[in-house]
Amino acid sequence: MDEPRLTPQDSDKPPHPFTQVPIEITISVGKARPLLRDLLRLGKDAILPLDSRVDDPVDLYVGDRLIARGELHELDGDQAGQLAVRLTEVADLKTGL
C-alpha cells in the first residue's frame, strides 16, 4: 500500500527554512542536431527544427534530474500569450519518474 504524501498542513513542525529557497526548473521542449557548418550559417530569422512537435510532452528538470513531464499551454486573460506547463507525471522522490 502506498504511503500517504505529507503536505505542509499535515505537519505540526515549523516549515523547514529551505522551503523558501527558489529553484530553477528547466523545461526541455526538444533537441536539434545540426551540422556545425549549418549552425555557423544561422542568422537572424533562421529556423532550427527540433526533434519534437508542438503537442509532444515536455520534460521538467531541476539540474540534471528529471522531476516531471507535462504539456505546454498558453495562458489566457491577464497573462495571455505566456507559456505554462500542465503537469501530467510527477516523479516519486524514491523511485523517480
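Everything discussed here concerns the structure shown above.
Residues numbered from 1 in each chain as written. Predicted model: local features only at pLDDT ≥ 70, side-chain atom pairs only at ≥ 80, totals over all residues. Heavy atoms only, no water.

Undergrad: Would you explain the overall build of the protein chain in this entry?
TA: Each helix and strand in the protein chain was counted, giving one helix and four strands. Its helices and strands in sequence order give the protein chain the pattern β-α-β-β-β, from N to C terminus. Counting only residues that meet the buried cut, the protein chain has 6% of its 97 residues in that class. Contacts in the protein chain between residues far apart in sequence, at least 24 positions, make up 33% of those at least 6 positions apart. Only carbon and sulfur atoms are counted for the fraction: they give 54% of the accessible area of the protein chain, which is about 9,300 Å². (Helix = DSSP H or I, 4+ residues; strand = E, 2+ residues; numbered from the N terminus. Buried < 20%, exposed > 50% of the residue type's maximum accessible area, 1.4 Å probe, protein only. Contact = heavy atoms within 4.5 Å. Areas by Shrake-Rupley, 256 points an atom, 1.4 Å probe, with all protein chains shown as cover.)

Undergrad: What is the right way to look at the side chain of Asp59 in this model?
TA: You can see Asp59 is positioned in strand β2 (residues 58–62). Separated by 2.9 Å, the side chains of Asp59 and Arg69 make a polar contact. Beyond its immediate stretch of four places on either side in the chain, Asp59 contacts Thr26, Ile27, Ser28, Leu66, Ala68 and Arg69. (Polar contact = N/O pair within 3.5 Å; in protein donor to acceptor, adjacent residues only side chain to side chain.)

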